[in-house]
Amino acid sequence: MGGAVAAGAAVAGAAAGWVAAPVAAVYRGPLAPRARAGIAVLTGAVLAALAARLGARADLVAFAYLGVAGVLLAVIDAAVKRLPNALTLPSYPIGVALLAAAVPVTAHGAARLAHALAGMAVLWAFYFVQHFLLPHAMGGGDVKLAGVLGLYLGWLGEAAWVTGVVAGFLYGGVYSVTWLLLGRAERKDELPYGPFMLAGALTGVLFGGWFAR
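Given the structure is predicted, the values throughout are model-derived calculations rather than measurements.

Caption draft 1: Inspection of the overall build of the protein chain at higher detail. Summing up its helical and strand segments, the protein chain has nine helices and zero strands in all. Secondary structure of the protein chain in N-to-C order comes out as α-α-α-α-α-α-α-α-α. A compact globule built from 213 residues should have a C-alpha radius of gyration of about 17 Å, and the protein chain, at 17 Å, falls within 12% of that. Across its three principal directions, the C-alpha atoms of the protein chain cover 50 × 40 × 30 Å. Burial statistics for the protein chain: of 213 residues in total, 44% are counted as buried. Within the protein chain, residue pairs in contact and separated by at least 24 positions form 73% of the contacts whose partners lie at least 6 positions apart.

Caption draft 2: How the structure looks around the pattern of salt bridges. Counted according to the given criterion, the structure contains one salt bridge. Where D59 meets R57, a salt bridge forms, and the shortest distance between an N and an O atom there is 2.6 Å.

Caption draft 3: Geometry of the confidence of the model for the protein chain. Overall, the predicted model of the protein chain reaches an average pLDDT of 92, with 93% of residues at or above 70. Of all secondary-structure elements in the protein chain, the lowest mean pLDDT belongs to helix α8 (residues 158-181), at 89, while helix α5 (residues 91-102) reaches the highest, 98.

Caption draft 4: Region of the structure containing the side chain of D142. For D142, the location among the structural elements is in helix α7 (residues 140-156). This buried residue, D142, is left without a salt bridge; K144 holds the nearest opposite charge, at 10 Å.

Caption draft 5: A look at the packing of helix α3 (residues 60-80) against helix α9 (residues 194-207). At a closest axis distance of 8 Å, the pairing of α3 and α9 adopts a crossing angle of 155°. Judged by the angle between their axes, α3 and α9 are roughly antiparallel. In the packing of α3 onto α9, the handedness of the crossing is left-handed. Within the contact between the two elements, α3 uses F63, G70, L73, A74, D77 and A78 and α9 uses G194, P195, L198 and V205. Residues that form the contact of α3 with α9 fall into these classes: seven nonpolar, two polar and one charged.

Caption draft 6: Geometry of the packing of aromatic side chains. Tallied over the entire structure, the rule returns ten aromatic pairs. A ring pair is formed by F126 and Y127, whose centres lie 6.0 Å apart and whose planes are at 90°; its orientation type is edge-to-face. Taking relative accessible area as the criterion, F126 reaches 40% and is therefore assigned partly exposed. With centroids separated by 5.6 Å and ring planes inclined at 20°, the aromatic side chains of Y127 and F169 adopt a geometry described as stacked. With a gap of 42 residues between them, Y127 in helix α6 (residues 109-133) and F169 in helix α8 connect regions that are remote in the sequence. Taken together, the ring pairs in this structure connect F126, Y127, F169, Y175, Y193 and F196 into an aromatic cluster.

Reading the values: the criteria
Residues numbered from 1 in each chain as written. Predicted model: local features only at pLDDT ≥ 70, side-chain atom pairs only at ≥ 80, totals over all residues. Heavy atoms only, no water. Helix = DSSP H or I, 4+ residues; strand = E, 2+ residues; numbered from the N terminus. Rg over C-alpha atoms; globule rule 2.2 N^0.38 Å. Buried < 20%, exposed > 50% of the residue type's maximum accessible area, 1.4 Å probe, protein only. Contact = heavy atoms within 4.5 Å. Salt bridge = Lys/Arg side-chain N within 4 Å of Asp/Glu carboxyl O. pLDDT = per-residue confidence, 0-100. Lys, Arg positive; Asp, Glu negative; His and termini not counted. Axes fitted to C-alpha atoms, helices over the stretch in contact; angles between N-to-C directions. Parallel < 35°, antiparallel > 145°, perpendicular 65-115°, else oblique. Left-handed = near helix turned anticlockwise from the far one by under 90°. Nonpolar A, V, L, I, M, F, W, Y, C, P; charged D, E, K, R; others polar. Phe/Tyr/Trp six-rings, centres within 6.5 Å; stacked < 30°, edge-to-face > 60°.

Here it is as C-alpha cells:
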C-alpha cells in the first residue's frame, strides 16, 4: 500500500512540477525542455519521499503543496537569489487551511495544529531577528519562507522541527564554507539560502520524527 501511494505521488508530483515549471521561468527566464523536465522529476521525487514517509494520510495533501511550491522556490532562489512573495506569502493561508482540514481525521489534530502555528511563529521570529541584526546575511525572503517551514515542521512535532532547522543551517554552512575554501565566493557575497532551508525542512519531515518514536 505504501509503495503504491509513493508511486502515485511520484507521478502526480512529476505532472504538477511540469505544469508549475513556467512559474519559475517568470523569475529566472525561459526554461529549456531539459530544465523543465528536471523540475518535474525533482518534484516527483520529493512528493514520492513525502508520501513514503507520511502514507495515505489527510495531511499528505498539505505536504504535497509544500513539495511543489518548495521545488519552485529552490529553483528560483538558486538561479536569481530571490524567494518571491507570490509563492511564499500565499503559502501561509494555504498551508494553515490544508492542515486545518486534516485536523478532524488526524489523531490529536487540534494539538498538532496548535504546534504548527507555534512552530511557524517561533521560526519566523528566529529568522527575523537574524535578518534585523545581519540584513546582508539573511534576506527578507528567507524570513518569510521560515514561517512556512516552521508551520509544517511544527505539525510533525518538536523532533521534526529541531531536525529541520538544524539541518538547514548545517547544509547552508557547509556549502558556504566549501565555496569560500574553493575561492568561488567571498565573505560579502550573497548566497542563496532558500534551497538549504527547504532541504533541511525535508530532512526534518523525513527523518526528524524518528527521534520521537
